[in-house]
Amino acid sequence: QVQLVESGGGVVQPGGSLRLSCAASGSIFRIYAMGWYRQAPGKQRALVARITKDGTTNSADSVKGHFTISSANAKNTVYLQMTRLKPEGTAVYSCTGLIATPGGVVTNYWGQGTQVTVSS
């Protein structure tokens, strides 16, 4: 009964910026990590960035330098700040969380995805 809900997707011009948010809610005991994946048409889903509960971050080489992941642990929320966006950044961006429920089960949960389109 854990839900991840993304927001902030939309259409932006090349070179523009966009900030995605993902809020986790439900029967949460502990969040160990949260992250973002993306999938473009005809391509495999790939990790964009992730952050652990202690603040350690990792990101794909393709986005280093212009994508930044951060979190607000008290709000069970993770963000993805995207700058200098390129048309190849167009994809469905999905939020994921490694989350333990009160019963002690640890599961990777997924949001519904949010569309990011970089076009002009």
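Only a predicted model underlies this, so the values are computations on that prediction, with no experimental measurement involved. (Residues numbered from 1 in each chain as written. Predicted model: local features only at pLDDT ≥ 70, side-chain atom pairs only at ≥ 80, totals over all residues. Heavy atoms only, no water.)

Trainee: What am I meant to see in the overall build of the chain here?
Mentor: For the chain, the count of helices and strands is zero helices and 11 strands. When the helices and strands of the chain are listed from N to C terminus, the series reads β-β-β-β-β-β-β-β-β-β-β. On the principal axes, the C-alpha backbone points of the chain span a range of 50 × 25 × 25 Å. The buried share of the chain, taken over its 120 residues, is 40%. Taking the intrachain contacts of the chain between residues at least 6 apart in sequence as the baseline, contacts between residues at least 24 apart amount to 56%. A total accessible area of about 6500 Å² is found for the chain, and carbon and sulfur atoms account for 48% of it. The averaged location of the 4 negative side-chain charges in the chain is 3 Å from the averaged location of its 11 positive side-chain charges. (Helix = DSSP H or I, 4+ residues; strand = E, 2+ residues; numbered from the N terminus. Buried < 20%, exposed > 50% of the residue type's maximum accessible area, 1.4 Å probe, protein only. Contact = heavy atoms within 4.5 Å. Areas by Shrake-Rupley, 256 points an atom, 1.4 Å probe, with all protein chains shown as cover. Lys, Arg positive; Asp, Glu negative; His and termini not counted. Charge placed at Lys NZ, Arg CZ, Asp CG, Glu CD.)

Trainee: Would you take a moment to explain the pattern of salt bridges for this structure?
Mentor: Opposite charge on two side chains allows them to pair when their charged atoms are near. Enumeration according to the criterion identifies one salt bridge in this entry. In this structure, Lys-64 and Asp-61 form a salt bridge, with 3.2 Å as the shortest nitrogen-oxygen distance. (Salt bridge = Lys/Arg side-chain N within 4 Å of Asp/Glu carboxyl O.)

Trainee: Which parts of the structure should I look at to understand the nonpolar core?
Mentor: A general trend in soluble globular proteins is that nonpolar side chains are found buried together. Ranked by internal contacts, the top residues of the largest apolar core, which has 28 residues, are Trp-36, Leu-80, Met-82 and Tyr-93. At the level of secondary structure, the elements contributing two or more residues to this core comprise β1 (2-7), β3 (18-26), β4 (30-39), β5 (46-52), β7 (67-72), β8 (77-82), β9 (91-100) and β11 (114-118). (Core = buried A, V, L, I, M, F, W, Y, C linked by side-chain atoms within 4.5 Å.)

Trainee: I'm lost on the state of the cysteines in this one. Help?
Mentor: Here, disulfide denotes a covalent bond that connects the sulfur atoms of two cysteines. Counted according to the given criterion, the structure contains one disulfide. Each sulfur in the disulfide pair Cys-22 and Cys-95 lies 2.1 Å from the other. Taking the torsion about the S-S bond as the criterion, the Cys-22 to Cys-95 disulfide, at about -85°, is left-handed. Of this pair, Cys-22 sits in strand β3 while Cys-95 sits in strand β9; the two residues are 73 residues apart in sequence, bridging distant segments of the chain. Side by side, Cys-22 and Cys-95 carry an identical accessibility label, which is buried. (Disulfide = S-S within 2.5 Å.)

Trainee: Looking at this structure, how should I read the environment of Pro-102?
Mentor: Along the chain, the position of Pro-102 falls in the loop between β9 and β10 (106-110). A C-alpha to C-alpha distance of 6.8 Å links Pro-102 and Ser-27, two positions 75 residues apart in sequence. Excluding its chain neighbours within four sequence positions, the residues that come into contact with Pro-102 are Ser-27, Ile-28 and Phe-29.

Trainee: How should the packing of aromatic side chains be read in this particular structure?
Mentor: Remark: the centre distance and the inter-plane angle together describe each pair of aromatic rings, the angle taken between the planes. The final tally for this structure, using the stated rule, is one aromatic pair. Residue placement shows Arg-19 over the ring face of Tyr-79; its charged tip is 4.0 Å from the ring centre. Sitting above the plane of the Trp-110 ring, Arg-45 keeps its charged end 3.9 Å from the centroid. (Phe/Tyr/Trp six-rings, centres within 6.5 Å; stacked < 30°, edge-to-face > 60°. Lys NZ or Arg CZ within 6 Å of the ring centre and 35° of its normal.)

Trainee: Explanation requested: the pairing of β1 in the structure shown.
Mentor: Looking along a regular strand, one sees the side chains alternate between the two faces of the sheet. Residues Val-2, Leu-4 and Glu-6 of β1 are buried on one face, while the alternating residues Gln-3, Val-5 and Ser-7, pointing to the opposite face, are not. Pairing geometry for β1 and β3, over six bridges, is antiparallel. Looking at the pairing, Glu-6 lines up with Cys-22 of β3. (Pairing = 2+ DSSP bridges.)

Purely geometric numbers; function is a separate question.
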